[in-house]
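Now for the letters of each chain:
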Amino acid sequence: MTVITGVTCPVCGTFCDDIELVVKDNVITDVRNACAMGAAKFLNYATHRGLKPLVRKNGELVEASIDEAVKKAAEILADASYPILYGWSSTSCEATRVGLELAEEVGGVIDNTSTVCHGPSILSIHDVGISSCTLGQLRHRADLVFYWASNPWDAHPRHIERYTMFSEGRFQKSTWRSYVSRLRGFMSRKRLQRAANLVLRRDIFAAPEVKRRIPYSMFQKKRKMVVVDVRKTRTAEAADYFIQVEPNKDYELLQAFRRLIRDGELDVDEVAGVPVEILEEVADVMVGCELGVLFFGVGLTMSEGKLRNIDAALSLTRDLNLRTKFLIMPMRGHYNVTGANVVFTWQTGYPYAVDFSQGYPRYNPGETSVVDILNRDEADAGLIIASDPVAHFPRKAAQNLVKNPLIAIDPEITPTTLMADVVFPSTFVGIETEGTAYRMDHVPLPLKKIVEPPKTCLPDAEILQRILHKIRKLRRNVN
Amino acid sequence: MDIAIKDGKIVEKVGEKKAEVVDASGMIVMPGGVDIHCHIAGAEVNSGRLLRPEDHFKDVEVKTALTRSGVGYSIPSTFTTGYRYSRMGYTTVMNPSMPPLEARHTHEELDDTPMVDKATYPLLGDWWFVLEHLRDGLIEECAAHIAWMMTATKGYAIKIVNPGGLEAWGFGRNVNSLDDSVPYFNITPREIIRGLCKVNKLLNLPHTIHVHTNNLGKPGNYVTALETMKCVEDLAEENRPAIHVTHVQFCAFKGSDWQTMSSGAEEIAKYVNHHNHVTLDMGQVIFTDTTTMTADGPFQYGLYNLTGNKWVNHDVETETTAGIVPFRYKRKSAVHATQWSIGLELALLIKDPWKIYMTTDHPNGGPFTAYPNIIAWLMSQVARKKTMSRISKRAKRKSLLPSVDRELSFYEIAIVTRAGQAKALGLTQKGHLGVGADADVAIYDVNPEQVDPSKKYRTARKAFKRAAYTIKGGEIVVKDGQIVRPVFGKTFWLDVKTSLPMEINDDLKRKFREYWTVEYENYPIPDRFLHVPAPIPVKAEV
């Protein structure tokens, strides 16, 4: 039995690196420090995995040797005139580097999952820029934390604990004690309420009136957390203040804040369902903080307005720097989606949706992004790695994807691998293969090899490397 | 005269019958170019690439049978960066600003930058360990930590940017002079610079401290630059340099505001001409559209306020900051034209070419591909006059350039573009063609006996744009300005050996956890992470 410390967790963008694993006979038997998502992955990763390469013959997926599968995949890509290579956010940067070379070699389009996630954030950064930081900076200094249209309590479970409210910094202290006492108060209030309702046989606290003031604690000199969302999530319950915004009205709210922090006046009673008096007080808190940060999630990038929402959020934080220090950060989903963007950018200049069909990198999201290409039915082959578009893409895009020859590289059995023509079961990066990945704040960390992979599974990077070699060999023979 | 090459090194002689012969008669043969300061890789540069798709649309490199494709004018993608340097005869390139926490990123990009040898300087001037140790006067402990950091991040030199100012920028503030106190740390920029200069000496590092001064880019800052050089005057030994003030053009402004801004080059040149403990690089400005990026967060925010352009800020916990703003240098702007003039004034007024080197602080003053233009300005008064005739009238009136008639010879150009830089960096095997040197050679198709660069500056400029041959590690990699053989370069890093290696005890681990959000074991980069690692052993005096 061995204990491995300092393991990075290949699940979400928080990318915790303090996981401890207990390994016995090449099996992970216990996980310490991880959240439920992380623990579940480390303990159950091997439950639904493929073990042998598969090739479709007469409509059936049959087992094949690795060389046979590589040959078939190479033929598909070499014959294609406009293949798409999609995925990349849940594998290592090393694999992505090979993937880019492969895309360039076959003159295809390479795209990562940002295209259906934080793509709009990137488009806005092109326009406005971004005032950001690494997460430790916030642990040490942030006294005002906004989570806007994101729900870290469920989606990035250790984010609050490691980097914001419940973390202990040099200049800012953890607020977990006050959270616990507030939670206790809340529970006893609820108990009283239930007792009162039982006695009186009616709901005495039924409709709380709309408050026209924010709580006093928001003006205290301590760490504060504000959640803006369309519904009261678990994160919102833990917050010092929750602003419920009407669906698809984030843009209005952000622009209202932009006006208020410049001491402007609003000529309406409420914006996005929130009274202006409240907004004025929150704006005062923003201006008065030592260092504020706004985390935003897919609720902002993929609701109405898309990149315009982010435009407003980026501009708001930029403008706030005239009055105090304010930073902003997208809550990235997959553990290495940031890394995929980073590697794409240094090799091609562009973060996603890169088209090599002209022999040099071209970038025009909407034209060169994978979903749009598939909707227009322009691609004639596909390679999907570490992603499951058949389950997640719009129906028409998925239909057009599986219509053409399809290669899937994935350790798990997914709808995409079931629909593919060539399937490579790969190793789990960060558990069976080492590599590099980037946390949501662009901090690169090592992915570790904990256990030996099954002999029939190869790492993503090696599979891609073999396909690339085979294609080059095929092309040399033709010439 | 023949130069013999064997196994990647320059040797006394080789068997002439078997050897491949490169006929360089009627051409200039120089050691491969060395660039002491250019931002080509890492978190900051990559954010710049991300910020500016418009920079890439207009400049693309198509994939060939030998080379990878790429894009970018002021911030080219990694492969393109390597190819373009090599085509100009450069073989060694130094990336000057690496946030230690994101060192892996820098090295991944350097690995994807082919054709050149490279190294990178970690930003250490505002690291909390440094601030605390220097505040408490613990120079030796500070040295031990820096030795560890140099090896952990695979770095090459101590980079200091706006000392104290970056820590202050954590809360949106800055420091304004060498004697301002850094908020919460009770230390001054002067103490940081002096402390790290002493540390540098204790560790016997091959390069000096590499300093980006306080108050960069502000009128009147030549005083700060002079004070920065003066503050380590007494720490210099004999005639050895103790400080490198980088992109000095940006800190040689006189005047009290942008209206009265003028050149402080004369004062700086006078000081440097009388002191031997300073080396400089130009940070020359080119009239073009470029992308400014430095670790100097407050400066970049100022630049954003000045221009209203898009702005990226990236603060790194416990260590440093960074900022990016696109920028266009205009001929007709009095300030920009004065900046152009200052760079050249400095290079020409400082008599000893071994003290000031040619850079643009790529991409801050302009892209490195403009080096041949600077060579032409340095070699020819006619070239200078020609550009001068097209710049802002006000800047022209104030410029010292018309009174300078110095023109650099080819020999001096070789010093400011390679020999001097290699010497300042302590890269003993680079920057010369003596026996034992690395076989990095650049051959330019211009005949110094026939071409007078002062008059025919265009011929010289053209030759320096496209090397006739670039030889890297004994292999011909470029011929007639085209890549004929792609090669990987080495990555130099300092393996600093201290007598008492820093002990990673529980106390330090705890401190590590408190200061950073990563575990101590995930921080250092293993040697095998680099594609071609080239450790340089250094024996420290602590």
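Bear in mind the structure is a predicted one, so any value in this text is a computation, not a measurement.

1. Regarding the overall build of chain B
Counting its regular elements, chain B contains 18 helices and 24 strands. Taken against the 2.2 N^0.38 rule, which gives 24 Å for 542 residues, the C-alpha radius of gyration of chain B at 22 Å falls within 12% of a compact globule. With the C-alpha coordinates of chain B rotated into their principal frame, the extents come out at 65 × 60 × 50 Å. Counting over 542 residues, chain B shows a buried share of 60%. Across chain B, contacts joining residues at least 24 apart in sequence account for 78% of those joining residues at least 6 apart.

2. Thoughts on the overall build of chain A
For chain A, the count of helices and strands is 19 helices and 22 strands. Taking 23 Å as the expected radius of gyration for a compact globule of 479 residues, we find that chain A reaches 25 Å, a close match to that expectation. With the C-alpha coordinates aligned to their principal axes, the bounding extent of chain A is approximately 80 × 55 × 50 Å. Sorting the 479 residues of chain A into buried and exposed places 56% on the buried side. When contacts within chain A are restricted to residue pairs at least 6 apart in sequence, those whose partners lie at least 24 apart make up 67%.

3. Some remarks on the confidence of the model for chain B
Scored by pLDDT, chain B comes out at a mean of 95, with 100% of its residues at no less than 70. Scoring of the predicted complex yields 0.96 for pTM and 0.96 for ipTM.

4. A few points about the sheet that holds strand 15 (residues 289-294) of chain B
Pairing is mixed across the open sheet formed by four strands, whose spatial order is 8(A)-16(B)-17(B)-15(B). Edge positions in the sheet fall to strand 8 (129-133) of chain A together with strand 15 of chain B, since each has one partner strand and no second. Adjacent strand axes in the sheet meet at a mean angle of 20° when their direction is disregarded. Relative to strand 17 (residues 323-328) of chain B, strand 15 of chain B is paired through six bridges, and the arrangement is antiparallel. Residue pairing in the sheet places Met293 of chain B in a bridge with Ile324 of chain B of strand 17 of chain B. Sheet strands touched by helix 11 (residues 297-307) of chain B: strand 15, strand 16 (311-315) and strand 17 of chain B. Its angle to strand 17 of chain B, the strand with the most contacts, is close to 40°.

5. Observations concerning the sheet that holds strand 16 (residues 354-355) of chain A
Residues and elements named next belong to chain A. Pairing in this open sheet of nine strands is mixed, and the strands run 5-4-20-19-18-6-7-16-17 from one edge to the other. Here the strands that pair on one side only, and so sit at the sheet edges, are strand 5 (60-63) and strand 17 (362-363). Across four bridges, the pairing between strand 18 (residues 381-385) and strand 19 (residues 406-409) is parallel. Of the residues in strand 19, the one forming a bridge with Gly382 is Leu406. Packed onto the sheet, helix 3 (residues 93-106) meets strand 6 (83-87), strand 7 (109-112) and strand 18 and runs at close to 165° relative to strand 6.

6. Describing the interface of chain B and chain A
Every contact between the two is made by 44 residues of chain B and, on the other side, 49 residues of chain A. When grouped by side-chain class, the residues that make up the side of chain B that touches chain A number 15 nonpolar, 15 polar and 14 charged. Summarising the sheet, strand 8 of chain A and strand 16 of chain B pair through five bridges and their orientation is parallel. Of the residues in strand 16 of chain B, the one forming a bridge with Ser131 of chain A is Asn313 of chain B.

7. Comments concerning the pairing of strand 21 (residues 475-479) of chain B
Residue and element names in this part refer to chain B. Pairing of strand 20 (residues 469-472) with strand 21, which is carried by four bridges, proceeds in the antiparallel orientation. By the bridge assignment, Tyr469 is partnered in strand 21 with Lys479. In sequence, strand 20 turns back onto strand 21 through a hairpin of two residues, with Gly473 there showing a positive phi of about 55°. Relative to strand 22 (residues 482-483), strand 21 runs antiparallel, the two being bridged by two bridges. Within the sheet, the bridge partner assigned to Val478 lies in strand 22 and is Ile483. Linking strand 21 to strand 22, which pair antiparallel, is a turn of two residues; within it Asp480 sits at a positive phi near 50°.

8. Here's the deal with the domain arrangement of chain A
All names here are of chain A. Domain boundaries assigned for chain A yield domain 1 (50-117 + 335-427 + 452-478) and domain 2 (119-330). Just the C-alpha atoms count here: the centres of domain 1 and domain 2 sit 39 Å apart. Contacts between the two partners involve six residues from domain 1, matched on the other side by five residues from domain 2. Class assignment of the residues belonging to the side of domain 1 that touches domain 2 gives a composition of four nonpolar, two polar and no charged.

9. Some thoughts on the packing of helix 10 (residues 250-261) of chain A against helix 11 (residues 276-288) of chain A
Residue and element names in this part refer to chain A. Running from N to C, helix 10 and helix 11 point in directions that differ by 65°, and their axes come no closer than 9 Å. Classified by chirality, the crossing of helix 11 by helix 10 is right-handed. Along the contact surface, helix 10 presents Ala256, Phe257, Leu260 and Ile261, while helix 11 presents Leu279, Glu280, Ala283, Met286 and Val287. Within the contact of helix 10 with helix 11, the residues separate by chemical class into eight nonpolar, no polar and one charged.

10. Side note on the nonpolar core
Taken as a class, soluble globular proteins show a tendency for nonpolar side chains to be buried jointly. One finds Ala313 of chain A together with Leu346 of chain B to be the most contacted residues of the largest nonpolar core, which totals 313 residues. Not counting residues within four places of it along the chain, the set of residues in contact with Ala313 of chain A comprises Trp148, Leu254, Leu294, Phe296, Leu300 and Ile328 of chain A.

11. Comments concerning the domain arrangement of chain B
Buried accessible area, meaning the area lost when the parts come together, often serves as the stated size of an interface. Residue and element names in this part refer to chain B. What the domain assignment reports for chain B is domain 1 (4-15 + 26-59 + 71-494) and domain 2 (495-539). For domain 1 and domain 2, the distance between their C-alpha centres works out to 27 Å. The interface is formed by 28 residues belonging to domain 1 together with 21 residues belonging to domain 2. Within the residue set of the side of domain 1 that touches domain 2, elements represented by two or more residues are helix 4 (103-111), helix 6 (139-152) and strand 23 (491-497). Tallying contributions element by element places helix 6 first for the side of domain 1 that touches domain 2, with seven residues.

12. Looking at helix 13 (residues 371-379) of chain B
Extensive coverage of helix 13 of chain B is indicated by the burial of eight of its nine residues. Among all positions of helix 13 of chain B, only Tyr371, Asn373, Ile374, Ile375, Ala376, Trp377, Leu378 and Met379 of chain B are buried.

13. So, unusual backbone geometry
In this structure, the amide linkage connecting His362 of chain B to the following residue, Pro363 of chain B, adopts the cis form with an omega of -5°. For Lys306 of chain A, which is not a glycine, the phi torsion comes out positive at approximately 40°. On the secondary structure map, Lys306 of chain A appears in the loop between helix 12 (298-301) and helix 13 (307-320).

14. Comments concerning the environment of Arg194 of chain B
Residues and elements named next belong to chain B. When you line up the elements, Arg194 lands in helix 8 (residues 189-203). Each C-alpha atom of the pair Arg194 and Val14 lies 49 Å from the other, and the pair is 180 residues apart in sequence. With sequence-adjacent residues up to four places away left out, Arg194 is seen in contact with Cys231, Val232 and Leu235.

15. A few points about the packing of helix 2 (residues 66-79) of chain A against helix 19 (residues 460-478) of chain A
Residue and element names in this part refer to chain A. One way to put it is that helix 2 packs onto helix 19 with a least axis distance of 9 Å and a crossing angle of 60°. Judged by the angle between their axes, helix 2 and helix 19 are oblique. Seen along the crossing, helix 2 lies across helix 19 with a hand that is right-handed. Residue-level contacts link Val70, Lys71, Ala73, Ala74, Leu77 and Ala78 of helix 2 to Arg466, Ile467, Lys470, Ile471, Leu474 and Arg475 of helix 19. Taken together, the residues of the contact of helix 2 with helix 19 break down into eight nonpolar, no polar and four charged.

Definitions and cut-offs
Residue indices follow the written sequence of each chain, beginning from 1 at its first position. The naming scheme follows written order: chains are lettered A onward, ligands numbered 1 onward. Selection of residues for local features in this predicted model requires a pLDDT of at least 70, selection of side-chain atom pairs for listing and counting requires 80 or more, and totals for whole chains, interfaces and linings are taken over all residues. The helix and strand labels rest on DSSP assignments: H or I over at least four residues marks a helix, E over at least two residues marks a strand, and numbering proceeds from the N terminus. In this description the radius of gyration comes from C-alpha coordinates, and the expected globular size is given by 2.2 Å times residues to the power 0.38. The burial label depends on the number of other C-beta atoms within 10 Å of a residue's C-beta. Counts of 20 or more mean buried, 12 or fewer mean exposed, and intermediate counts mean partly exposed, with C-beta atoms placed from the backbone. The contact criterion used here is simple: two residues whose C-beta atoms, placed from the backbone, lie within 7 Å are in contact. A score between 0 and 100, pLDDT records how confident the predictor is in each residue. Whether two strands pair depends on DSSP finding at least two bridges between them. Between N-to-C directions, angles span 0 to 180 degrees; the directions come from axes that are lines fitted to C-alpha atoms, helices contributing only their stretch in contact. Polar here means any residue outside two lists: the nonpolar Ala, Val, Leu, Ile, Met, Phe, Trp, Tyr, Cys and Pro, and the charged Asp, Glu, Lys and Arg; Gly therefore counts as polar. The start and end points of each domain follow an automatic or database-based domain assignment. A clockwise turn of the near helix away from the far one marks a right-handed crossing, whereas an anticlockwise turn of less than a right angle marks a left-handed crossing. What makes a nonpolar core is a set of buried Ala, Val, Leu, Ile, Met, Phe, Trp, Tyr and Cys residues, with links drawn between C-beta atoms within 7 Å. Between 65 and 115 degrees an angle is taken as roughly perpendicular, under 35 as roughly parallel, over 145 as roughly antiparallel, and anywhere else as oblique.

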